[in-house]
Amino acid sequence: MSEENSSHLDMYQVGRLAELCIIIDENDHVIGAEDKKTCHLYKNIQKGLLHRAFSVVLFNSNKQLLVQERSDSKIIFPGYFTDSCSSHPLSNTLELDENNAIGVRRAAQRRVQAELGIPLEQVPLDDIIYMTRYHYKARSDETWGEHEIAYLLLMTKDVNLNPDSRELKNYYYMSKEELRELLAKGDKGEAKITPWLKLMAENFLFKWWDSLPNVNHFLDHKTIHRL
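Read on for an overview of the structure. Predicted model, so just to flag it, every value in this text is computed and none were measured.

Helix and strand content of the protein chain: seven helices and 10 strands. Scaling as 2.2 N^0.38, a compact globule of 227 residues should have a C-alpha radius of gyration of about 17 Å, and the protein chain matches this with 16 Å. Taken along its principal axes, the extent of the C-alpha atoms in the protein chain is 45 × 40 × 30 Å. Looking at the protein chain alone, contacts between residues at least 24 apart form 71% of all its contacts between residues at least 6 apart. Within the protein chain, the 34 negative side-chain charges are centred at a point lying 2 Å from the centre of the 28 positive side-chain charges.

Here's what the structure looks like:
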């Protein structure tokens, strides 16, 4: 780790750098696997390295979105406000399964339990709705970045939370208006917002919000939105 900016990382985050992510082409076809560290070094992203990811947006019964504030020890965008849970399916048989995006949904189920402490019985796979995909690239600092095709997954339900402080330092349930206010603060430099939360909100969430929980007419599994 000597050549990378890792001074803010704890041993838990360093350990997670060994996880095997799924390498894809720009049409989301699997072409290999690389560890998380390799995938997120910006020097590799500049060469075109692209991996598969997911973003979970979890709404409660009051149509409030769970927004988390990332831990200060995260490798990418530490301390930033972001979506309910974002991570990567791993390169293994269960999470590579592309039938109805079940592999990605299994990964989401795994990570909402790990990050947010939601009991598995409260997030059955059938409650995790695969909405669409989006492709984006973002630089975190001089060393690290993101280059992903992310599956946007939606849940609308009330859950019990027991967050892991190594992953997030706070969380909030926000109305549509409150999220707009937070993004406006980000635009003015008064709050740190992950690029993918801003992209998701402006391109998808604000359009879907008033229809919750009836969002099936927004499903789009054919398009990879280039944002």
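To continue, consider the side chain of Ser86. The residue Ser86 is located in strand E6 (residues 85-87) in this model. Residue Ser86 is classed as buried on the basis of its relative accessible area of 16%. Of the polar contacts made by the side chain of Ser86, one reaches the side chain of Asp83; its length is 3.4 Å. Excluding anything up to four places from it in sequence, Ser86 contacts Phe54, Ser55, Arg70, Glu115 and Trp196.

Within the fold, Lys36 resides in helix H2 (residues 36-40). The buried charged residue Lys36 lacks any salt bridge, with Glu19 as its nearest oppositely charged partner at 4.8 Å. Non-local contacts of Lys36, meaning those with residues more than four positions away in its chain, are made with Arg16, Leu17, Glu19, Cys21, Ile75 and His88.

Taking 1.5 Å of rise per residue, the 12 residues of helix H6 (residues 176-187) would be expected to cover 16 Å, and the 17 Å separating its terminal C-alpha atoms lies within 8% of that figure. Of the residues making up H6, those classed as buried are Lys176, Leu179, Leu182 and Leu183. The buried side chains of H6 occupy one side of the element, clustering within an arc of 120 degrees when seen end-on. Looking one or two places after H6, you find Gly189, whose phi comes out positive at around 80 degrees.

The next thing to look at is the pairing of strand E2 (residues 30-35). As defined by bridge partners, strand E1 (residues 20-24) adjoins E2 across five bridges and the pair is classed as antiparallel. Residue Ile24 lies in a different strand from E2, and its bridge partner there is Val30. With antiparallel pairing between neighbouring strands as the criterion, E1 and E2 make up a hairpin whose turn holds five residues, including Asp28 at a positive phi of roughly 70 degrees.

Attention now goes to the pattern of salt bridges. Per the stated rule, a full pass over the model turns up 15 salt bridges. Residues Asp127 and Lys157 are paired through a salt bridge, measuring 2.8 Å at the closest nitrogen-oxygen approach. Placement of Asp127 in the loop between helix H5 (102-116) and strand E7 (129-139) and of Lys157 in the loop between strand E8 (145-156) and strand E9 (168-174) is noted, with a sequence separation of 30 residues between them. Salt bridges sharing partners connect three or more residues here, namely Asp28, Arg52, Glu98 and Arg133.

Considering soluble globular proteins, one finds that nonpolar side chains tend to be buried as a cluster. Of all hydrophobic cores here, the largest spans 36 residues; its most connected members are Val57, Leu65, Tyr134, Leu154, Leu179, Leu182 and Trp209. Contributing elements (two or more residues each) for this core: strand E3 (51-59), strand E4 (65-70), E7, E8, H6 and helix H7 (195-208). Of the residues forming this core, the biggest block, eight residues, is contributed by H7. Setting aside its immediate chain neighbours within four residues, Trp209 contacts Phe59, Lys63, Leu65, Met174, Ser175, Lys176 and Leu179.

It is worth spelling out the packing of aromatic side chains at this point. Applying the stated criterion across every chain yields a total of 11 aromatic pairs. Ring centres of Tyr130 and Tyr151 lie 5.1 Å apart, and the angle between their planes is 40 degrees; this geometry places the pair in the tilted category. Of this pair, Tyr130 sits in strand E7 while Tyr151 is found in strand E8, placing the two residues 21 residues apart along the sequence. On the basis of relative accessible area, Tyr130 is assigned to the buried category, the value being 10%.

Next up on the list: the environment of Leu49. With respect to the helices and strands, the residue Leu49 is situated in the loop between helix H3 (42-45) and E3. It is 8.2 Å that separates the C-alpha atoms of Leu49 and Ile24, two residues lying 25 residues apart in sequence. Here Leu49 is in contact with Ile23, Thr38, Cys39, Asn44 and His147, once residues within four sequence places are set aside.

Calculation notes
- Residues numbered from 1 in each chain as written.
- Predicted model: local features only at pLDDT ≥ 70, side-chain atom pairs only at ≥ 80, totals over all residues.
- Heavy atoms only, no water.
- Helix = DSSP H or I, 4+ residues; strand = E, 2+ residues; numbered from the N terminus.
- Rg over C-alpha atoms; globule rule 2.2 N^0.38 Å.
- Contact = heavy atoms within 4.5 Å.
- Lys, Arg positive; Asp, Glu negative; His and termini not counted.
- Charge placed at Lys NZ, Arg CZ, Asp CG, Glu CD.
- Buried < 20%, exposed > 50% of the residue type's maximum accessible area, 1.4 Å probe, protein only.
- Polar contact = N/O pair within 3.5 Å; in protein donor to acceptor, adjacent residues only side chain to side chain.
- Salt bridge = Lys/Arg side-chain N within 4 Å of Asp/Glu carboxyl O.
- Expected span 1.5 Å × (residues − 1).
- Arc of directions from axis to C-beta.
- Pairing = 2+ DSSP bridges.
- Core = buried A, V, L, I, M, F, W, Y, C linked by side-chain atoms within 4.5 Å.
- Phe/Tyr/Trp six-rings, centres within 6.5 Å; stacked < 30°, edge-to-face > 60°.

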